[in-house]
Structures are given as structure tokens and as C-alpha cells.
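Now for the letters of each chain:
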Number of protein chains: 2
Amino acid sequence: METTLKSRETMHRLCGKGLEIFNEKGYYNTSLDDILKQLSLSKGAFYHHFKSKEDYFISIVQNLIVQKVYALLIEPLNTEENPLPIIVESLENALEPGKKNEMAYGFMLNDFLTEFNKRNEEISGYLKDILNVWEVNLVSVLKKGKLDGYIARHVDCEGVATYIIASYLGMRSLMMDSSNRQLKYQYVQQLKHYFKSLEPQPVMA
Amino acid sequence: METTLKSRETMHRLCGKGLEIFNEKGYYNTSLDDILKQLSLSKGAFYHHFKSKEDYFISIVQNLIVQKVYALLIEPLNTEENPLPIIVESLENALEPGKKNEMAYGFMLNDFLTEFNKRNEEISGYLKDILNVWEVNLVSVLKKGKLDGYIARHVDCEGVATYIIASYLGMRSLMMDSSNRQLKYQYVQQLKHYFKSLEPQPVMA
DNA sequence: ATCTGAACCGACTTACTGGTCGGTTAAATG
DNA sequence: CATTTAACCGACCAGTAAGTCGGTTCAGAT
């Protein structure tokens, strides 16, 4: 069983480094050799574990990206409290460029979505699925917030979810060069303003 | 002078068709031969007019994309009225997938921005410049709106401009497959809600 | 009629990259 | 010790695309 362990270990290293470099330079701009060189592995090793570059990337999406999106954007939504501040917090957190050398996970989705959109329908599909799950969860938590009286009755939860996702994804195109504190601050502030307009009006008059 | 005219004509055709196909399939996923074939031109013709594929695309950006962004997103801002509805209208218009066979100009910016971000700093720079001009103009018209009493005094115009741009750019990643009426409608609705929160509070109490 | 040069042609070169394949290493097994 | 096989090596192949270059066409100047 020692061999199986080593196999898993190699695959794991391949996926981890792959995500790192694909995220850094883009999928099509990264050659397998780029990755293999950094891991001191050969073509043979790679094709022993994956049947193609595409298959490789799908593994990365399904194993690593899905996981990160869940951890950063979806699981935090599980709360009994007012969902609005929770959503703000999760987005703020996801835009954080990762402690030290880690990746800015929040950015990956938009980058890959755009890169594969016109190029590879299958991978596009997997990425869109992730967005859909996020959207469904956002809508769900918003509707719950409405029931709990945190959100005004007139609010279109699907529309709000769409708007949240759009603004979040769009931040990537603005924050290109690493982390831009100023932009992030502005984004969070405006998001809060927008959210205030979703709250029920205090009874008066 | 007949020759110069023909030269201009060919360059014009090259740029137009280039924008069309680059926009459709992406820059790196389009070979020069793809474009040349459609125009029945040769490699020699191309390199007679442009010194490289990169130079070619920069021409397209500077001549065509800049023009379109100005026409769709910047010039409409020149108004004496309440800027908020004007902005909504310009964005709505820019998201429109073009009458008939035209291009969805509104989408180009985000796509190219993402595609070149990690690949070509120079082109990235030109694209970012366009965004900056848009931002400056948005801020300017918002500040004017504040002076004219259309926008509340507490509003951070730079923040609002950033948020507008982010949400607009992000819509692209959601509206991938051509035009999605539903998504566009949701976007415009939420944008209006958001804008409502920027208006001065009517005096009461 | 001749000449010049801009516009254009297209085969070729060069560089890169995904994928293949025969061979090697070494751990596990009998 | 012999055999098997997962894991791995790296030279090689095939496809692709940017860019080159010697040659051709033809409008207009001399």
C-alpha cells in the first residue's frame, strides 16, 4: 500500500501546484512543463496520473476550487442571524488576498470563468455549476432573512443574489494587481449601503 | 493617392474583422490565419500593415474599443439632468447584445481585461486606461449630481463609481451565453434600488 | 515604354506544447 | 533470487501559430 500512498501524494502535489500556477498565469498560458519543472516531475509521471491536461484541470476544479468556494462563500451563510452582515463578511473575507503567500481564492472563479467561456464548454460547465450553487444558497439565505424580518418583503431575492455575485466577480477586473485596499474598502462600503436599502422600513408616520 | 486609400481600407477591414473575431473567440484563441481567411488576405498583407499581432490588437483597442466605450458609456453622461437615471440607461444600453449581428460591446472590456491581465502588461495597460477614464467621468458626473441636489451629501462618489463599474463588469461572467433577458432585468432593477439609497432623504419629521 | 514602390502573396522557418511510448527504477510478492 | 508492476523518466512526434522573405502585381510617375 506504500505505492498507493505515494501515488496520492504525487497527485496531490500536482493539483496543488497546478492550481497555484494556473491561477497565477492562466490555464492556457501555462504549459505542463512549467508545472512539472517546479515539481521535478516528468511528462511520464503526469500522464500516469491524468489522462490529459483538461482532465487534470477538472480534477483541480472538483477537488480544490469547489472546496474553497464552499468554505469561503457558501458555508458561512449557514446562520440564524441577520444574513446581510454575514454576506458582507464572507465577501470581504473572500476578497482578502490570502495570508502571506496563499492565493486570492476569491478571484479564481471570475478569471477561470472568463478564460474558459469561449474555449472549453465542459470546464465552463463545471465552473458555472459552482456559481449556481452559490446563487441558490444566497437566494435561500435571503429568503430566510425575509421571513425573519431582516429583509423587506418587497425585495426580489433572486435579483439581489445576482447583483451580489455580479459585483463580486467584477471586482476582480478592478483589483487586478494584487490587493488594492482602497478598492476593497469602497466595495464593502457601497455593498453595505445597498444592503441598507433592502432592510424593512422602520414604521413611522 | 489611390494606394493610400486602399491601404486604409484594408487596415480598416482588418481591424473591424479582428475585433469581431477576437471578441467572439478571444485573442489568444484566434490565429491570424482565422482572420485572414475570412478577409481573403495573406500573411504578407497583414505584416505589411502591422508589425505584430500585438501591435494589431493595440490598434484595435485604440481605434475601435476606445470609441465604443466613449459612445456607449462616457458621452451619455454629459447631461444637465439627474445623473442617476442617465447612468442606469447607459449601462442598460451597453448590456444590450447589439441589434442583429452587431457585437455586444458592453462585454468586450471585461473579457479582454481578464484575458490580458496575466498575459500582456502593455495591452492590459491600455485597457485599464479606458476603465480609468470611465471612472473619472462617472465620479465627475456624480459629484455634479450631488451639487445639483440629486444625490445625498454623504455619498462617496468614488466608491459609487467603483461599485457601478464592478457590478457592470461582473455581469459579463454571468451573462456568458449571449443575452440573458432575465439577468439583465434583475441587474437593472437592483441597480435602481441601490441608486435610490443614494438620493437625498426627503425632509420629514 | 520603363521604372518605382506600395500592396499583397504564400511557402517556409522557428518555437512551443500536448501527448506518446519504450525504457528504467524500486517496492512488494512468492 | 526471480518476477511483477506501479511509478516515473525523457526523447520524440505531430499540430499549431507567429513571424520572415523572396517574389508578384499594378497604379502612377518619368
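Under an unreviewed UniProt entry, chain A has the name TetR/AcrR family transcriptional regulator and belongs to Flagellimonas aequoris.

A few words on helix H7 (residues 121-147) of chain A. All names here are of chain A. Between its terminal C-alpha atoms H7 stretches 38 Å, which fits the 39 Å expected from 27 residues at 1.5 Å a residue. Every buried residue of H7 is accounted for by Ile123, Ser124, Leu127, Ile130, Leu131, Trp134, Leu138, Val139, Val141, Leu142 and Gly145. With a side-chain oxygen positioned 3.1 Å from the backbone nitrogen of Glu122, the residue opening H7 is Asn120. Phi turns positive one or two residues past the end of H7, at Gly149, with a value near 85°.

Moving on, we come to the relation of the copies chain B and chain A. With an RMSD of 0.1 Å, chain B superimposes on chain A once it is rotated by 179° and translated 0.0 Å along the axis. Taken together, the rotation angle and the small translation identify this as a two-fold axis. Both copies present the same face, since 100% of the interface residues in chain B are matched by interface residues at the equivalent positions in chain A.

Attention now moves to the packing of helix H5 (residues 83-95) of chain B against helix H9 (residues 181-196) of chain B. Residues and elements named next belong to chain B. Taken N-terminus to C-terminus, the directions of H5 and H9 make an angle of 165°; their axes are 11 Å apart at the nearest point. By the angle between their axes, H5 is roughly antiparallel relative to H9. In this structure, the crossing between H5 and H9 has a hand that is right-handed. On H9, the residues touching Leu84, Ile87, Val88, Leu91, Glu92 and Leu95 of H5 are Lys184, Tyr187, Val188, Leu191, Lys192 and Phe195. Residue composition of the contact of H5 with H9, by class: nine nonpolar, no polar and three charged.

Taken together, 20 residues lie near DNA strand C, and Lys53 of chain A together with Ser7, Thr10, His48 and His49 of chain B sit nearest. Within 4 Å of the protein, the atoms of DNA strand C are drawn from sugar and phosphate moieties in a proportion of 60%. Note that a phosphate oxygen of DNA strand C is positioned 3.1 Å from one of the side-chain N or O atoms of Ser7 of chain B. At 2.8 Å from a phosphate oxygen of DNA strand C is found a side-chain nitrogen or oxygen belonging to His48 of chain B. No other element matches the five residues that helix H3 (residues 43-49) of chain B contributes to the surface near DNA strand C. For the surface near DNA strand C, the class distribution of residues is four nonpolar, 11 polar and five charged.

About the thresholds
Residues numbered from 1 in each chain as written. Chains lettered and ligands numbered in written order. Predicted model: local features only at pLDDT ≥ 70, side-chain atom pairs only at ≥ 80, totals over all residues. Heavy atoms only, no water. Helix = DSSP H or I, 4+ residues; strand = E, 2+ residues; numbered from the N terminus. Expected span 1.5 Å × (residues − 1). Buried < 20%, exposed > 50% of the residue type's maximum accessible area, 1.4 Å probe, protein only. Polar contact = N/O pair within 3.5 Å; in protein donor to acceptor, adjacent residues only side chain to side chain. Least-squares fit on C-alpha atoms with pLDDT ≥ 70 in both. Contact = heavy atoms within 4.5 Å. Axes fitted to C-alpha atoms, helices over the stretch in contact; angles between N-to-C directions. Parallel < 35°, antiparallel > 145°, perpendicular 65-115°, else oblique. Left-handed = near helix turned anticlockwise from the far one by under 90°. Nonpolar A, V, L, I, M, F, W, Y, C, P; charged D, E, K, R; others polar. Near = heavy atom within 4 Å.

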